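A look at the structure
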Amino acid sequence: MKMVVRSNSANPIYWALLSLVTMACSQSGVEDSSPAPAEYLVSTAVVKTPFVDKAAALNLTRIHTGGGPEKRYIVEAKGGGAALFDAEGDGDLDIYWVNGAPLATPGLGGGNALYRNDGEVGFVDIAAAAGVEGHGWGMGALSADYDNDGDQDLYITCLRDNILYRNDGRGRFADQTEQAGVAMPLWSTGAAMGDADLDGDLDLYVANYVEFSVDEIRPLGTQWKGRDVFIGPLSLPASPDVLYRNEGDGTFADMTGASGIGRHEPGYGFGVLFVDLDDDGDQDLYIANDSTPNFLYRNTGDGTFVEVGLRANAAFNEMGLAQAGMGVAWGDYDGDGDGDLFVTNFEDDYNTLYRNAGGTFTDMSFAVGLGRVSLPYVGFGAVFLDYDNDADQDLFVANGHVYPQIESPDGSANYPQKNHLFANDGGRFNLVDPVVGPEMGAAVSRGAVAGDFDDDGRLDLFVTNLNGRPSLLYNNTETGHHWLGVYLRGHTQNREGVGARVFVWSEGRRQRRDVLCGESFLGSGDRRLHFGLAAGSADSLHVYWPGGALQRVSDLPLDSYVLVAQEQ
């Protein structure tokens with residue numbers, strides 16, 4: 001077996017082939033120039049400014065369209081998804097950015113962008129040439145190789161009429177929604193792919209939100225803290241989620257009922273994870289629901305599911321209350337080998353960290369320093385990442401209120417809000433300002449996904465902002481720490497190894513990453529797995545492929561990306 005190594009040593013990117021010892025994943029815009037409020041004491045443990053926003057400098061200046069400024073209806077406060085993937089197969093990480101629409105013409109849409117990564121030159125929007133401008137009011141995006149032909153395709157969720165684009169391998173896409181059988185006449189939000197029935201191809205879970213019609217809802221029809229605001233989800237009927245089985249021939253079949261998922265009353269779904277929550281070798285499902293209990297569907301091993309959120313202590317918070325789930329992140333924050341769950345929530349509630357112990361969870365939010373700080377904020381996107389390469393998983397949260405009317409002259413309540421970066425310190429989290437300076441003031445942020453745009457081994461962040469330009473936060477840390485990047489290639493099916501669990505052993509310490517396909521808030525991140533190694537090195541790599549097969553790899557390089565191909 002062979003391993004390809006991609007390194008950023010001495011700046012130029014080069015490719016080398018190494019042997020592996022194998023023992024047994026169009027609108028122009030303006031910059032946000034609002035000043036950054038000095039509301040936090042910034043940690044200087046690593047660097048003063050971990051990230052620098054290069055969005056404007058690299059041509060990411062289009063403004064998101066999400067209804068009007070008053071946000072008279074709930075749909076105007078949602079959206080803002082993004083997907084990171086290599087659209088053209090040139091080795092660079094590109095960005096698919098989802099736009100909304102004006103309220104008066106929701107069927108037309110503002111037009112999505114496919115930003116091709118041209119390195120230091122910046123990004124170029126090639127959506128029109130590639131055929132992926134989209135239509136309607138876009139919500140989220142998912143990149144995945146659904147037809148197993150070796151390139152990543154796109155699935156876009158919308159207020160109406162989701163879109164499936166098939167990649168021809170050369171960066172040009174064709175709309176296959178109707179032919180594939182995944183047209184959705186509902187308001188869809190989050191989506192994720194995973195091999196639910198272990199047949200080797202990727203199935204699709206789509207979260208749906210509410211039944212929405214402007215003609216049937218009074219604008220600014222309720223109150224929040226004495227202000228007139230839009231009517232929320234609890235006053236609207238919930239729409240049921242859908243699970244599609246991939247038939248392996250480019251089409252999908254609705255398996256919602258047969259899988260057992262259709263037996264339950266629908267929630268108001270947002271964030272979705274397809275992941276092995278209990279480490280039994282199959283893919284489970286976790287859905288963050290707005291204002292209703294979160295769902296945890298445990299896979300029985302044959303593609304049927306049992307809802308165990310309450311029994312697993314992952315449906316409610318520590319006080320037994322349903323929260324307003326928005327985004328969801330998965331990562332092993334405490335280094336015990338189990339992946340843990342983090343769910344963002346609404347103002348006056350708190351973001352919830354669920355510590356995993358073999359498929360049963362404990363709310364650790366306040367114990368680890370994440371609860372109290374989140375109370376005044378509305379959280380959306382969230383992602384675990386080791387931003388400083390010190391061998392533990394830190395956390396980024398995108399914040400932004402949903403009610404412009406909440407803005408207070410004395411600054412006690414704000415519609416634009418600061419995003420949060422938390423540094424992991426032995427399983428406790430300390431708040432760090434992600435970017436300091438006028439280029440990163442408060443914003444109404446929604447999606448957040450992580451990826452290494454310049455292949456330097458330091459994870460960057462792409463953040464979408466409602467009715468504003470996105471933020472591209474380039475990692476600016478200078479620690480001298482080592483790192484290892486891993487991407488998988490399946491043998492004949494599931495080419496990206498979606499659902500695989502990967503462990504790196506370094507200096508007697510084990511780190512875990514999972515190959516996710518859908519995460520955070522309405523988005524999907526870099527499919528490559530990133531491990532910070534601090535001052536150490538990677539001793540061995542263990543890959544648990546979907547289905548449970550174990551593959552061990554040694555003789556790993558430092559500060560490089562390695563391609564691990566599944567054993568035949």
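Here is a short report on the structure shown in this document.

Turning our eyes to something else, we now look at the nonpolar core. In this structure, Met193, Leu204, Phe252, Val486, Leu488 and Leu541 are the most contacted members of the largest nonpolar core, which totals 36 residues. The residue makeup of this core includes at least three contributed by each of domain 1 (55-483) and domain 2 (484-565). Formed by 32 residues, the second largest nonpolar core is a distinct cluster that contains Tyr209, Phe212, Ile406 and Ala413.

Per the stated rule, a full pass over the model turns up 22 salt bridges. In this structure, the salt-bridge partner of Asp53 is Arg469, at a minimum N-O distance of 3.2 Å. Within this pair, whereas Asp53 is found in strand E4 (residues 51-53), its partner Arg469 is found in the loop between strand E32 (460-465) and strand E33 (471-475), the two being separated by 416 residues in sequence. The exposure class assigned to Asp53 is buried, which follows from its relative accessible area of 10%. In this structure Arg469 comes out as buried when scored by relative accessible area, which is 6%. Its salt-bridge partner being Asp118, residue Arg116 comes within 3.0 Å of it at the nearest N-O pair. On the basis of relative accessibility, which here comes to 28%, the residue Asp118 falls in the partly exposed class. Connected through shared salt-bridge partners, Asp276, Asp279, Arg501, Arg512 and Asp514 make up one network.

Here we have four strands laid out as an open sheet, ordered E27-E28-E29-E30, and antiparallel in their pairing. Taken across any chain shown, the strands that pair with only one partner, and hence form the sheet edges, are strand E27 (379-385) and strand E30 (428-432). Ignoring strand direction, the axes of neighbouring strands in this sheet form an average angle of 25°. Taken together, the five bridges between strand E29 (residues 420-425) and E30 define a ladder with antiparallel strand orientation.

Strand order in this open sheet of four strands is E5-E6-E7-E8, and the pairing throughout is antiparallel. Every interior strand has two partners, whereas the edge strands, strand E5 (82-85) and strand E8 (123-125), have only one. For this sheet, the mean inter-axis angle between neighbouring strands, taken without regard to orientation, is 20°.

Rules used throughout
- Residue indices follow the written sequence of each chain, beginning from 1 at its first position.
- Whole-chain, interface and lining totals are the exception, using all residues; otherwise, since this is a predicted model, local features are given only for residues with pLDDT of at least 70 and side-chain atom pairs are given and counted only at 80 or more.
- Each side-chain value is derived from all of the structure's non-hydrogen atoms; neither hydrogens nor water enter the calculation.
- Think of a nonpolar core as a cluster: buried Ala, Val, Leu, Ile, Met, Phe, Trp, Tyr and Cys residues, connected wherever their side-chain atoms sit within 4.5 Å.
- Throughout, exposure labels follow a simple rule: accessible area from a 1.4 Å probe, protein chains only, divided by the maximum for the residue type, with under 20% read as buried, over 50% as exposed, and the rest as partly exposed.
- All the domain ranges listed were derived from an automatic or database domain assignment.
- By convention in these notes, a salt bridge is any Lys or Arg side-chain nitrogen within 4 Å of a carboxyl oxygen on Asp or Glu.
- Strands are runs of DSSP state E lasting at least 2 residues, helices are runs of H or I lasting at least 4, and numbering of each runs from the N terminus.
- Between any two strands, at least two bridges found by DSSP are needed for them to pair.
- Convention adopted: a line fitted to C-alpha atoms gives each axis, helices being fitted over their contacting stretch, and angles between N-to-C directions are expressed from 0 to 180 degrees.

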